[in-house]
Amino acid sequence: MSSPNITELTSVVLEVERHVADSGWDQPSQVYALADTADLLAREPALAPHIGDSPPGSLTPVEQEPLPVGRLDEVLAGIGWPPEVLGCVLVTELVVLPPSAEEEAPYSDHEIEYWAANHPERQDVRLAVGVTRSGLHASCLRVRGDDELVVDPDLADNLVDGLLATFQ
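The structure displayed is predicted, hence computed values, not measured ones. (Residues numbered from 1 in each chain as written. Predicted model: local features only at pLDDT ≥ 70, side-chain atom pairs only at ≥ 80, totals over all residues. Heavy atoms only, no water.)

Chemist: Tell me what's going on with the environment of Leu-59, and back it up with residues and numbers.
Modeler: As for its placement among the helices and strands, Leu-59 is situated in strand β2 (residues 59–63). In sequence terms Leu-59 and Pro-28 are 31 residues apart; their C-alpha atoms lie 23 Å from each other. Contact partners of Leu-59, with chain neighbours within four places excluded, come to Pro-4, Glu-8, Leu-9, Val-12, Leu-34, Ala-35, Asp-36, Thr-37 and Leu-86. (Helix = DSSP H or I, 4+ residues; strand = E, 2+ residues; numbered from the N terminus. Contact = heavy atoms within 4.5 Å.)

Chemist: Give a description of the pattern of salt bridges that names residues and reports values.
Modeler: This structure, assessed with the given rule, holds 7 salt bridges. For Arg-126, the salt bridge goes to Glu-17, with nearest N and O atoms at 2.9 Å. Remark: Glu-17 occurs in helix α1 (residues 6–21) and Arg-126 occurs in strand β4 (residues 123–132); sequence separation between them is 109 residues. For the residue pair Arg-126 and Glu-17, the accessibility class agrees, reading buried in each case. Between Arg-144 and Asp-124 there is a salt bridge, and its shortest N-O distance comes to 2.9 Å. Of this pair, Arg-144 sits in the loop between β5 (137–143) and β6 (149–151) while Asp-124 sits in strand β4, and the two are 20 residues apart along the sequence. With a relative accessible area of 16%, Asp-124 lands in the buried category. (Salt bridge = Lys/Arg side-chain N within 4 Å of Asp/Glu carboxyl O. Buried < 20%, exposed > 50% of the residue type's maximum accessible area, 1.4 Å probe, protein only.)

Spelled out as structure tokens, the structure:
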């Protein structure tokens with residue numbers, strides 16, 4: 001089993017985001033386990049026609065059961081992976097507001113969700129964040145209504161930390 005590199009991880013994060021994007025917006029958060037493709041095919045040879053030829057060291061995302069409803073940080077805290085999982089990718093939708101909106105924000109969690117969802121300057125974004133057991137991370141972001149993907153490993157440090165903690 002080889003250790004994935006950052007280019008391979010970034011490629012898989014982009015692949016998973018495109019897969020989720022095919023289903024449109026307003027999707028629940030979803031997590032994918034990352035398996036070494038060669039090891040996966042050795043364990044599950046029937047998958048070969050679906051995966052095709054892959055270079056050594058490539059990663060295959062494996063969609064997991066839907067995440068339970070709840071705060072994402074608490075949901076991630078309940079996830080643990082077996083040793084054969086080399087990494088994972090989380091895709092989630094968020095509401096982003098300009099910094100100026102912070103002064104107007106209500107204090108309660110229940111009120112803030114409603115307030116943010118109805119704010120006139122809100123932007124809906126889809127964020128895909130991937131990590132490996134070895135500590136590599138990659139992420140991309142898409143704004144609703146814009147086809148451009150922003151690729152930057154440092155888009156969501158808290159989510160990176162939460163995903164890395166699933167391997168401890």
